[in-house]
Amino acid sequence: MSLMVPTQLKINGPLSAALPDQAHADAEDLGGQRLRHVYIETMGCQMNVYDTERMLEALGKAGYVPTDSAELADLAIVNTCSVRDKVEHKVASLLGVWKRLKEFNPDLVLGMAGCVAQQEGDKLLAKMPHLDLVVGPDQLSELPQLVEARRQDQQRLAATQFVRRQDYEFPMPEAPEDGRATAMVTVMKGCNKICSFCIVPFTRGREVSKPSAQVLDEVRMLANHGVREVTLLGQNVNSYGKDRNLPGAPGELDFAELIHQVAEIEGVARIRFTTSHPMDCTDALIDAFASCGKLMPFFHLPIQSGSPKVLEGMRRAHGVDDYLAKIERLRRQAPQVALSTDLIVGFPGETEADFEMTLDLIQKVRYATLYSFIYSTRPGTRAADLPDNVPMAEKKRRINELQRVQDAITAEWMQSFAQRELLVLFEGPSRLQQAGPQSKLAEVRDLRGLQVMGRTPENIKVNVASDDLSAALTWKGRLGRVRITTVGQHSLQGELLGWAE
Ligand code: SAM
Ligand code: F3S
């Protein structure tokens, strides 16, 4: 079965009165197994995208087929993120919309997974009588049984227990059959850091590394099915393997060693990873950017603030100078590597002078790109006890200023690719190509013709035109030599010069 991560749900206006006829009557018997439809809305980080795929696989074995519309589903799940409160509000309003679907399909089961589910547990069932099921990240493999239990005995359920570290088993993903060129591979779960603003250690639990043999098996399986690029995932991949070296645990690889082993696997052309904590970023990992040709030259290394005082309040366990020393080493060893980071503005006590240190930092490092966030108090974290004393208007001014300064740096970086010849790994049709006839993008697509999307080693999207109608399929997974003809704000346009292999 080919899997997809469904697109965003959009319900505008009243729900169609014809819903029961078209959708739910479709739940049919197939070889003795009742075929049902599942819709999953994914919010937040790549970890949630990965978890959604695992949920779809587990449900697929129980007879559920993915649909890209909640209106057609017998089971609708929102996979949530609780890193900022804005996302939590989105979850509540989405479930409000889904509640109305139950009027048309009383058998519809509504579930919530992910970090909000873990954090709030059965309180959610009390708050939302239309919610049937709450499932934490450690219980995802139990999902089909939990849904069935709900269908059988009508009990509403919250399954949010953490599995003990030594008992935790990572699910082995199914082989992808959609010919994808890129895939994510979770190498660990949880986080042992205690950044004072962050909810993740509470919602994802303590670090558990996937045994390296399993990571390597998974990558081999993906490579055998055409995957050329793997992204190794974890909240802090830099501490990969540390938990496995606890007394009694078998000796394992550290993260730099893991990268080198993945690079040995035939068929893998590119390796990426995300995300990192500077304190655990070893010299060996930095040096891998120079010594491992398959490790792509893009490093996301979150710093959060340019002020040592704010970093201390954030309990980041690193300062500005030691962070910069790591960047210096990286630039000495592998000057081609593009950098990105995460920054928070308006952390409790952040003064104008602190904020200016952040501006100075980005001018100094000259990140290719960055992710900036307005500080949002998360219940239960240490920073929640501090007065959230930067007014929202000031937080907004700071984030706008930060983005204005960074936009100019990013534009300069993007311009450096003009007219260059780059190696591009093609992934499939461009976003333009996928636009439906009603989409605003359709007009642009008709003007530009067939476009195939790929990425440069620095992870920049490149669109390349082709007259060959099958190019979106036949170029997928191939490395092409592309000359850049047009530089956009966040993507490039180019022409194919030839194949690199
Ligand atoms: N593990 C990563 C690291 O080393 O920093 C970060 C994981 S976190 C889920 C992703 C980003 O969200 C963080 O780097 C931080 O910038 C942002 N973030 C986390 N908690 C936040 C909060 N309470 N308010 C605003 N932004 C937050
Ligand atoms: Fe959060 Fe810090 Fe871990 S940002 S995910 S506690 S490294």
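Because the structure is predicted, anything quoted here is derived from the model rather than measured.

Brief notes about the overall build of the chain
Part 1: Counting its secondary structure elements, the chain contains 17 helices and 21 strands.
Part 2: The proportion of buried residues among the 501 residues of the chain is 41%.
Part 3: Pairs at least 24 apart in sequence give 72% of the contacts found in the chain among residues at least 6 apart.

Examining the packing of helix α9 (residues 255-263) against helix α10 (residues 283-291)
Part 1: Following both chains from N to C, one finds α9 and α10 inclined at 30 degrees, their axes separated by 8 Å at the closest point. Here α10 runs roughly parallel to α9, going by the angle between their axes. Where α9 approaches α10, its residues F255, A256, I259 and H260 are matched on the opposing element by A284, L285 and A288.
Part 2: Here the contact of α9 with α10 is built from residues that sort into six nonpolar, one polar and no charged.

Points about the site of ligand 1
Part 1: Taken together, 18 residues surround ligand 1, and among them F197, P302, D342, F373 and S376 come closest.
Part 2: By residue class, the composition of the shell around ligand 1 is eight nonpolar, seven polar and three charged.

Re the site of ligand 2
Part 1: In the neighbourhood of ligand 2, the contacting residues comprise C191, K193, C195, C198, V200, P201, Q235, N236 and H277.
Part 2: Residues belonging to the shell around ligand 2 are distributed by class as follows: five nonpolar, three polar and one charged.

Things to note about unusual backbone geometry
Part 1: Backbone torsion omega between T274 and T275 reads 5 degrees, so that peptide bond is classified as cis.
Part 2: By the element assignment, T275 lies in the loop between β13 (270-274) and α10.
Part 3: Not every positive phi belongs to a glycine, and A317 is a case in point at roughly 65 degrees.
Part 4: With respect to the secondary-structure elements, A317 resides in the loop between α11 (308-313) and α12 (320-333).
Part 5: Its 15 C-beta neighbours within 10 Å are what place A317 among the partly exposed residues.

Observations regarding the sheet that holds strand β12 (residues 229-233)
Part 1: Strand order in this open sheet of three strands is β9-β12-β13, and the pairing throughout is parallel. Among the strands making up the open sheet, the edge pair consists of β9 (182-186) and β13. The mean inter-strand angle of the sheet, taken between neighbouring strand axes irrespective of direction, is 25 degrees.
Part 2: Lying over the sheet, helix α8 (residues 212-224) contacts β9 and β12, oriented at roughly 165 degrees with respect to β9.

Some thoughts on the sheet that holds strand β5 (residues 75-80)
Part 1: In space, the six strands of this open sheet follow the order β4-β3-β5-β6-β7-β8, with parallel pairing throughout. On the outer flanks of this sheet lie β4 (64-66) and β8 (157-159), each paired with one strand and no other. Averaged over all pairs of adjacent strands, the angle between their axes in this sheet comes to 20 degrees, without regard to strand direction.
Part 2: For strand β3 (residues 36-42) and β4, the ladder comprises three bridges, and the chain directions are parallel. Bridge assignment links V38 to a residue of β4, and that residue is P66.
Part 3: Across the sheet, helix α2 (residues 46-61) touches β3, β4, β5 and β6 (109-113), and the angle it forms with β3 is around 170 degrees.
Part 4: Sitting on the sheet, helix α6 (residues 143-153) touches β5, β6, β7 (133-135) and β8, and the angle it makes with β7 is about 160 degrees.

Structural notes on the pairing of strand β16 (residues 369-374)
Part 1: Of the strand pairs in this sheet, strand β15 (residues 338-345) and β16 are connected by six bridges, and their pairing is parallel. Along β16, the bridge assignment pairs I344 with F373.

Topic: the environment of D280
Part 1: Along the chain, the position of D280 falls in the loop between β13 and α10.
Part 2: Residue classification places D280 among the partly exposed positions, given that 19 C-beta atoms sit within 10 Å.
Part 3: Remark: the alpha-carbon pair of D280 and V237, spanning 43 residues in sequence, is separated by 8.7 Å.
Part 4: Not counting residues within four places of it along the chain, the set of residues in contact with D280 comprises N236, N238 and S239.

Calculation rules
- Residues numbered from 1 in each chain as written.
- Chains lettered and ligands numbered in written order.
- Predicted model: local features only at pLDDT ≥ 70, side-chain atom pairs only at ≥ 80, totals over all residues.
- Helix = DSSP H or I, 4+ residues; strand = E, 2+ residues; numbered from the N terminus.
- Buried ≥ 20, exposed ≤ 12 C-beta atoms within 10 Å, placed from the backbone.
- Contact = placed C-beta atoms within 7 Å.
- Axes fitted to C-alpha atoms, helices over the stretch in contact; angles between N-to-C directions.
- Parallel < 35°, antiparallel > 145°, perpendicular 65-115°, else oblique.
- Nonpolar A, V, L, I, M, F, W, Y, C, P; charged D, E, K, R; others polar.
- Near = placed C-beta within 6 Å.
- Pairing = 2+ DSSP bridges.

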